[in-house]
Amino acid sequence: MSSIPIHLAELSSEWLAQVLDAPVSAFRLTDTHAGTTGRAVVELEYASTCDSPRRLFVKLPPTDEAQRAFVCSSGMGRREALFYQRLAREVPLRVPRCYHAATSASGEQYIMLLEHLEDSGCTFHNASTAYSLDYIRRVLAAFARLHAAYWESPRLGRDLAWVQPPLQHDIAVQLVDRALSLHSAAMPAVFQDMGELYLQQTAAIHRLWEEGAATLVHGDVHDANLFLAGDTPGFLDWALLARAPAMRDTGYFLAATLSPEHQQTQQKNLLAYYREQLLANGAAAPAFEELWRQYQWHAAYVWVGAAATLAMGDAWQPVNYVLRSLERLHGALEALDSVAAIRRQLA
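Residues numbered from 1 in each chain as written. Predicted model: local features only at pLDDT ≥ 70, side-chain atom pairs only at ≥ 80, totals over all residues. Heavy atoms only, no water.

Q: Explain the overall build of the protein chain to me, and be specific about the residues and the numbers.
A: The helix and strand inventory of the protein chain stands at 14 helices and 10 strands. At 20 Å, the protein chain has a C-alpha radius of gyration in line with the 20 Å of a compact globule built from 347 residues. The 347 residues of the protein chain split such that 52% are buried. For the protein chain, restricting intrachain contacts to residue pairs at least 6 apart in sequence, the fraction spanning at least 24 positions comes to 68%. A total accessible area of about 15000 Å² is found for the protein chain, and carbon and sulfur atoms account for 48% of it. For the protein chain, the distance from the average position of its 28 positive side-chain charges to the average position of its 37 negative side-chain charges is 4 Å. (Helix = DSSP H or I, 4+ residues; strand = E, 2+ residues; numbered from the N terminus. Rg over C-alpha atoms; globule rule 2.2 N^0.38 Å. Buried < 20%, exposed > 50% of the residue type's maximum accessible area, 1.4 Å probe, protein only. Contact = heavy atoms within 4.5 Å. Areas by Shrake-Rupley, 256 points an atom, 1.4 Å probe, with all protein chains shown as cover. Lys, Arg positive; Asp, Glu negative; His and termini not counted. Charge placed at Lys NZ, Arg CZ, Asp CG, Glu CD.)

Q: Break down the state of the cysteines for me, citing the residues and quoting the values.
A: All told, the structure shown has 0 disulfides when counted by the stated rule. Left unpaired, Cys 50 is separated from the closest cysteine sulfur, that of Cys 98, by 17 Å. For Cys 98, which is in no disulfide, the shortest distance to another cysteine sulfur is to Cys 122 and amounts to 16 Å. What makes Cys 98 buried here is its relative accessible area of 18%. (Disulfide = S-S within 2.5 Å.)

Q: Explain the pattern of salt bridges to me, using residue names and the numbers behind them.
A: One pass over the full model with this rule turns up 9 salt bridges. As a salt-bridge pair, Lys 59 and Glu 80 come within 2.9 Å of each other at their nearest N and O atoms. With Lys 59 in strand β3 (residues 55-60) and Glu 80 in helix α3 (residues 76-86), this residue pair connects regions lying 21 residues apart in the sequence. In this structure Lys 59 comes out as buried when scored by relative accessible area, which is 3%. Two residues, Lys 59 and Asp 237, come together in a salt bridge whose shortest N-O distance is 2.7 Å. In this pair, Lys 59 sits in strand β3 while Asp 237 sits in the loop between β9 (232-235) and β10 (242-245), placing the two residues 178 residues apart along the sequence. Among the charged side chains, a salt-bridge network with shared partners connects Lys 59, Glu 80 and Asp 237. (Salt bridge = Lys/Arg side-chain N within 4 Å of Asp/Glu carboxyl O.)

Q: Let's hear about the packing of aromatic side chains: which residues, and what values?
A: Under the counting rule described, the total for this entry stands at 11 aromatic pairs. Measuring from ring centre to ring centre gives 5.7 Å for Tyr 252 and Tyr 301, while their planes differ by 65°; the resulting arrangement is edge-to-face. With Tyr 252 in helix α9 (residues 247-257) and Tyr 301 in helix α12 (residues 288-311), this pair connects stretches of sequence that are 49 residues apart. Grouping residues by exposure puts Tyr 252 and Tyr 301 together as buried. Aromatic ring contacts, followed pair by pair, group Tyr 198, Trp 209, Tyr 252 and Tyr 301 into a single cluster. When the ring centre of Tyr 301 is taken as origin, the NZ or CZ atom of Arg 248, which lies over that ring, is 3.6 Å away. The ring of Trp 292 is capped by Lys 268, whose NZ or CZ atom sits 4.9 Å from the centre of that ring. (Phe/Tyr/Trp six-rings, centres within 6.5 Å; stacked < 30°, edge-to-face > 60°. Lys NZ or Arg CZ within 6 Å of the ring centre and 35° of its normal.)

Q: Any details on the packing of helix α7 (residues 189-200) against α12? Residues and values, ideally.
A: To describe two helices that pack against each other, one gives the angle between their axes and the distance between the axes. Orientation of α7 relative to α12, taken along the N-to-C sense of each, is 95°, at an axis distance of 11 Å. When the interaxial angle is binned, α7 and α12 end up roughly perpendicular. Residues Phe 191, Met 194, Gly 195 and Tyr 198 of α7 lie in contact with α12, whose contacting residues are Ala 300, Trp 303 and Val 304. Here the contact of α7 with α12 is composed, by residue class, of 6 nonpolar, 1 polar and no charged. (Axes fitted to C-alpha atoms, helices over the stretch in contact; angles between N-to-C directions. Parallel < 35°, antiparallel > 145°, perpendicular 65-115°, else oblique. Nonpolar A, V, L, I, M, F, W, Y, C, P; charged D, E, K, R; others polar.)

Q: Account for α9, naming residues and giving values.
A: Of all 11 residues in α9, 11 are buried, a share of seventy percent or more. Of all the residues in α9, the buried ones are Met 247, Arg 248, Asp 249, Thr 250, Gly 251, Tyr 252, Phe 253, Leu 254, Ala 255, Ala 256 and Thr 257.

Q: Tell me about the nonpolar core, residues and numbers included.
A: If you look at the biggest cluster of nonpolar residues, it comprises 93 residues, and the most contacted ones within it are Leu 87 and Trp 303. Among the elements that make up this core, the one with the highest residue count is α12 (15 residues). Those residues in contact with Leu 87 that sit more than four places away from it in its chain are Leu 82, Tyr 150, Leu 160, Trp 162, Val 163, Leu 216 and Leu 241. Ile 4, Val 58, Ala 102 and Ile 111 belong to the second largest nonpolar core, which has 16 residues in total. (Core = buried A, V, L, I, M, F, W, Y, C linked by side-chain atoms within 4.5 Å.)

Q: Could you give me a rundown of the environment of Leu 11, with the residues and numbers involved?
A: Examined against the element boundaries, Leu 11 turns out to sit in the segment before α1 (13-20). Separated by 98 residues in sequence, Leu 11 and Gln 109 place their C-alpha atoms 13 Å apart. Leave out the neighbours within four places in its chain, and Leu 11 touches Pro 5, Phe 27, Leu 29 and Ile 111.

Q: Please provide a residue-by-residue account of the side chain of His 206, values included.
A: By the element assignment, His 206 lies in helix α8 (residues 202-208). Looking at His 206, the relative accessible area reads 12%, which means it is buried.

Q: Can you explain the sheet that holds strand β6 (residues 123-124)? Please cite residues and give values.
A: Whether parallel or antiparallel, the strands of a sheet pair through hydrogen bonds between backbone atoms. On the basis of which strands lie adjacent, the open sheet formed by 3 strands has the order β6-β8-β9 and antiparallel pairing. Looking at the sheet topology across the chains shown, the edges are occupied by β6 and β9. Alignment of β6 against strand β8 (residues 226-229), held across 2 bridges, turns out to be antiparallel. The partner of Phe 124 across the bridge, within β8, is Phe 227. (Pairing = 2+ DSSP bridges.)

Q: Account for unusual backbone geometry, naming residues and giving values.
A: Although it is not a glycine, Asp 31 sits at a positive phi angle of roughly 50°. Tracing the sequence through the fold places Asp 31 in strand β1 (residues 24-34). The backbone of Asp 237 shows a phi angle near 55°, a positive value even though the residue is not glycine.

Q: How would you explain the confidence of the model for the protein chain if you had to name every residue and give the values?
A: This prediction gives the protein chain a mean pLDDT of 92; 97% of its residues lie at or above 70. Mean pLDDT in the protein chain bottoms out at helix α4 (residues 126-129), which sits at 60, and peaks at strand β7 (residues 214-217), which reaches 98. (pLDDT = per-residue confidence, 0-100.)

Rendered as C-alpha cells:
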C-alpha cells in the first residue's frame, strides 16, 4: 500500500487510523466522483468513543488518465495539499478544517482529508440562491483580510516561495480556440471578440494580469468554491493558489458574481468598498483608478477560465452552470469595456 493513497481502493481502516490518530474500525465510501480532481465522502466507524468526525471529504488524483496528467502537470493537487499543510491554519479566512494532507514532490500523489462542511452546518451556492449586495461585501471584506495579510510580504520570497505566479498553461489556448469553434454562433459578439484577442495576444495579456502589488490569492473564487458558515464566507478548492495582484481574486469574483443590473450600478461602489477594506487592514492599496483598470483586465481572466471549461463539456463543470456564468461574464465585459481597455493597454 502506498504511503499516499492515490486511489480510493487503497484506503484502509489501518491507514485512516494512523493519519487521524483515532481508533478507526471500519469505513464506507459514498458520493464518489471525479472532476478536476477525485472526490469522495468517507463515513467512519470507531472502535471506541472519540471526538473524531463521523464523515470526511476526501480529495485525491482523478481516475481518468488524461485528467490525472493535466492535474499533475499543472501542480493543482500538490499546491492544494501544501496549502492545507502549511497555510490553512494561518490565513484569516474560514476554510475547511484539514485532518490530513500529503503530497509527493512530483504532485503525482496527493490526498486531503477535509471537514465535511454540511455536518458543520455550512451552506453552498449562496450567490445564486441568496444573492445580495451584503453577501458580496462580506466576501470582499474577506478578500481584503487575506490580501492585506500578505500584501508585498517578504515571506513570498522566503517560506512562501513555493507559492508561484499563476501558471500559463498551453492547454488554455487550445481550449479557448475550441470554445470559439464550437460556441461562437450561439454567443454574443463579445465572446468572439474576447476570444480572438486572447488568442492573438496570449503572452502579453498574461503579463498584464501580473501587473500590480503581489499578494497571496485564492485564484478561483466563483460561487461553487464558496460556502457560508453562518454569516461568514468560507473558501474551498485552493488548487489555483498563487502569488499575484489582488485583483486576480477581486476582479474575478465581481465579474462572475454581480447581476447585470449591479454590473451597471454597483461595481464602482463595491470596488471602492474593497479598497477601503484593504486600507483598514493595513495594505498600501493603490488609487481607485488603478484598481479599476486592473478590474477591467482581470474580468477577462475569469472569462478565459470559463471559456476553457465550456470547451471541456461536462468534464470540469456542468455545461448549464458554465453557460450561466458566461452570461454574467459577458455582461461584465461589456459594462467594463474590457476588450477595448486591454487593447489600449497593449497598444
